[in-house]
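Tertiary structure, described
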Amino acid sequence: MADGSLVFDTKIDTSGFKKGIDTLGKVGTKGLNVVTKGFKAVTSAIVATGVAVAGVGAASIKVGMDFEKGMSQVKAISGATEKEMAKLTSTAKELGATTQFSAAEAAAGMEFLAMAGYKANEITKSMPGLLDLAAAGQMDLARAADVTTNIMSGFGLEAKETGRVADVLAKAASTANTDVSQLGEAMKYVGPIANSLGLSIEETSAAVGVLSNAGIQGGQAGTVLRAGLTR
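Residues numbered from 1 in each chain as written. Predicted model: local features only at pLDDT ≥ 70, side-chain atom pairs only at ≥ 80, totals over all residues. Heavy atoms only, no water.

This part takes up the side chain of threonine 178. Secondary-structure assignment places threonine 178 in the loop between helix H6 (162–175) and helix H7 (180–196). Exposure remark for threonine 178: the relative accessible area of 10% places this residue in the buried category. In this structure, threonine 178 is in contact with Ala172, Ala173, Leu183 and Ser212, ignoring residues within four places of it in sequence. (Helix = DSSP H or I, 4+ residues; strand = E, 2+ residues; numbered from the N terminus. Buried < 20%, exposed > 50% of the residue type's maximum accessible area, 1.4 Å probe, protein only. Contact = heavy atoms within 4.5 Å.)

In structure tokens form, the structure reads like this:
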């Protein structure tokens, strides 16, 4: 410093700084990858949730469309008035909200009753018995209505007897080695001849139950019983 000037040594050791920068860069890259992966995971979850929600929405729309279509069929077949349709629609929705069956299933059951010639008020009164039968037979309402009305036709029974018939079928299915569908098959063959001979549905169901316990079930039971009655 003889000339009064200051001289700085610019040969600073920067290796530590560079090492720190390199480390920071690696940490940053690793952290960025973690963030990226996390973002992708969150995005996937959101997309999946959106798809699931969309699926639920689509299912709800389908059920709604099935219900509307079913009730339109009920109206067309039964010839119900607007007031009667309002009652039927309300009943179907109530059943859908308070039972194990949906409103669309209730509408399908009503459609079968309408096809069997039931009037609007008869359909409304018949639904509780059919609900019990469907639940006992572990079947859908439409099938329960179909089986019941077919049997009633074979015995020449009126719509007001629907509850009674449903109870008889449920009892027979729960006390004999048979089910509601098999009873329906049996009655298809034996019902008309049993009715012509003055046998009640209770007596005929009991006879079918006895045969079922012996391993003769469904249509076979009806055929055997019909042959016996014919002779």
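The biggest cluster of nonpolar side chains holds 50 residues, and the ones touching the most others in it are Met71, Leu88, Met110, Ile123, Met127, Leu141 and Ile151. Leave out the neighbours within four places in its chain, and leucine 141 touches Phe101, Glu105, Ala106, Gly109, Met127, Leu130, Leu131 and Ala134. (Core = buried A, V, L, I, M, F, W, Y, C linked by side-chain atoms within 4.5 Å.)

Running from N to C, helix H3 (residues 103–115) and helix H4 (residues 120–137) point in directions that differ by 120°, and their axes come no closer than 10 Å. With respect to their mutual orientation, H3 and H4 come out oblique. Considering only the axes of H3 and H4, their crossing is right-handed. Listed contacts from H4 to Ala106, Met110, Leu113 and Ala114 of H3 are Ile123, Ser126, Met127 and Leu130. Taken together, the residues of the contact of H3 with H4 break down into seven nonpolar, one polar and no charged. (Axes fitted to C-alpha atoms, helices over the stretch in contact; angles between N-to-C directions. Parallel < 35°, antiparallel > 145°, perpendicular 65-115°, else oblique. Left-handed = near helix turned anticlockwise from the far one by under 90°. Nonpolar A, V, L, I, M, F, W, Y, C, P; charged D, E, K, R; others polar.)

Predicted confidence across the chain gives a mean pLDDT of 81, with 73% of residues reaching 70 or more. Per-element confidence in the chain is highest for helix H8 (residues 201–213), whose mean pLDDT is 96, and lowest for helix H1 (residues 15–78), whose mean pLDDT is 58. Ignoring residues within four places in sequence, the model shows residues 5–10, a span with pLDDT below 50, making one contact including any to other chains. Ignoring residues within four places in sequence, the model shows residues 51–60, a span with pLDDT below 50, making zero contacts including any to other chains. (pLDDT = per-residue confidence, 0-100.)

Attention now moves to the pattern of salt bridges. Under the criterion given, the structure shown has six salt bridges. Its salt-bridge partner being glutamate 202, residue arginine 164 comes within 2.9 Å of it at the nearest N-O pair. Here arginine 164, found in helix H6, pairs with glutamate 202, found in helix H8; they are 38 residues apart in sequence, far enough to count as distant. You can call glutamate 202 partly exposed: its relative accessible area is 35%. The partner of lysine 188 in a salt bridge is glutamate 185, and the shortest N-O contact between them spans 3.2 Å. Residue lysine 188 and its partner glutamate 185 are located together in helix H7, separated by three residues, close to a single helical turn. Looking at lysine 188, the relative accessible area reads 52%, which means it is exposed. Note on glutamate 185: relative accessible area 30%, which makes it partly exposed. Within the structure, one salt-bridge network assembled from shared partners comprises Glu161, Arg164 and Glu202. (Salt bridge = Lys/Arg side-chain N within 4 Å of Asp/Glu carboxyl O.)

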